[in-house]
Amino acid sequence: MPLTFIFEVVEIGKRKGNQRKSITRLFIDYFSSNNFENLEKLVDGWETNEIFKPRMKIFRDCISVMRNAKGKYNPLTIVLPTLIAQIDGIRIEFMNRNGLSFWTKDRVWKGWFKGQTPNQKLLDLANDILLNILFQKSQPGRPLETPFTFNRHKIMHGEYLRYGRIDIIQIEHL
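Report follows, based on the coordinates. Along each chain, residues carry numbers from 1 onward, in the same order as the chain's sequence is written. Only residues with pLDDT of at least 70 are given local features in this predicted model, and only at 80 or more are side-chain atom pairs given and counted; all residues enter the totals for whole chains, interfaces and linings. Computation of side-chain values: all heavy atoms of the structure, hydrogens and water removed.

## Observations regarding the nonpolar core
Keep this limit in mind: Residues enter a nonpolar core if they are buried and are Ala, Val, Leu, Ile, Met, Phe, Trp, Tyr or Cys, with the set joined through side-chain atoms within 4.5 Å. Burial here depends on accessible area, computed with a 1.4 Å probe over protein chains only, as a share of the maximum for the residue type. Under 20% is buried, over 50% is exposed, and the range in between is partly exposed. In this description a helix means any DSSP run of H or I spanning at least four residues, a strand means any run of E spanning at least two, and both kinds are numbered starting from the N terminus. Working rule for contacts: check all heavy atoms of both residues, and any pair within 4.5 Å makes them a contact.
Ranked by internal contacts, the top residues of the largest apolar core, which has 16 residues, are Val43, Phe52, Phe59, Met66, Leu76, Val79 and Ile90. Mapped onto this core, the elements with two or more residues apiece are helix H2 (20-44), helix H3 (56-68) and helix H4 (76-97). Sequence-distant contacts of methionine 66, that is, excluding residues within four places in its chain, are made with Phe36, Pro75, Leu76 and Val79. Listed in part, the 7 residues of the second largest apolar core include Val9, Ile12, Leu26 and Tyr30.

## Overview of the pattern of salt bridges
Pairs may arise between side chains of opposite charge once their charged atoms sit close together. Stated formally: Here a salt bridge means any side-chain nitrogen of Lys or Arg lying within 4 Å of a carboxyl oxygen belonging to Asp or Glu.
Within the structure shown, the criterion is met by 9 salt bridges. The salt bridge partner of arginine 67 is glutamate 40, with a shortest N-O separation of 2.9 Å. Taken as a pair, arginine 67 in helix H3 and glutamate 40 in helix H2 lie far apart in primary sequence, 27 residues in all. Judged by relative accessible area, glutamate 40 falls into the partly exposed class, the value being 31%. Arginine 97 serves as the salt-bridge partner of glutamate 93, at 2.9 Å between the closest nitrogen and oxygen. Of this pair, glutamate 93 and arginine 97 both sit in helix H4, separated by 4 residues, roughly a single helical turn.

## Section: the packing of H2 against H3
To keep it simple, the criterion reads: For helices, the fitted line uses only the C-alpha atoms of the stretch in contact; every axis is such a line through C-alpha atoms, and the angle between N-to-C directions lies from 0 to 180 degrees. Convention used here: angles under 35 degrees read as roughly parallel, angles over 145 as roughly antiparallel, angles from 65 to 115 as roughly perpendicular, and any remaining angle as oblique. Throughout, the ten residues Ala, Val, Leu, Ile, Met, Phe, Trp, Tyr, Cys and Pro are labelled nonpolar, Asp, Glu, Lys and Arg are labelled charged, and all others, Gly among them, are labelled polar.
The N-to-C vectors of H2 and H3 enclose an angle of 175°; their axes lie 10 Å apart at closest approach. Taken as axis vectors, H2 and H3 run roughly antiparallel relative to one another. Contacts between H2 and H3 involve Asn35, Phe36, Glu37, Leu39, Glu40, Val43 and Asp44 from the former and Met56, Phe59, Arg60, Ile63, Met66 and Arg67 from the latter. Split into classes, the residues belonging to the contact of H2 with H3 amount to 7 nonpolar, 1 polar and 5 charged.

What follows is the structure, given as structure tokens:
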């Protein structure tokens, strides 16, 4: 990602109060601009990553779905579960390559993962989203510990059905 974008994220993050809406809007605008050109460039950069390489067609299909969505159709109802499944696969393969078992306790792998990117504010933010929001602990029928409804378990197991909507992001995540 260009340094100007990262600088803008940092500047928004320095503002007083909760800036989640502003940062979310910045990311959405950045990746969706010019018919998802920036998103395509990001994904193209993953081609040489051995864990991502076999998943490239799936990632590109997701971009195509985003580009071709028309009218009242929300492409994220298709794209998000697909990407969550790929994130799971990447996480498991990454853990296996680094000597961590799928059955390793959450706090162990999360702590190990965070330890790979110490003192890097943007990566700390990414880690927070990945580890504490997407993979936050959940139980069927019970509310989450955080106000975020972007939860792997709740989406993949059909408990949350209103995911991937801009209006939900803007209202629930403030």
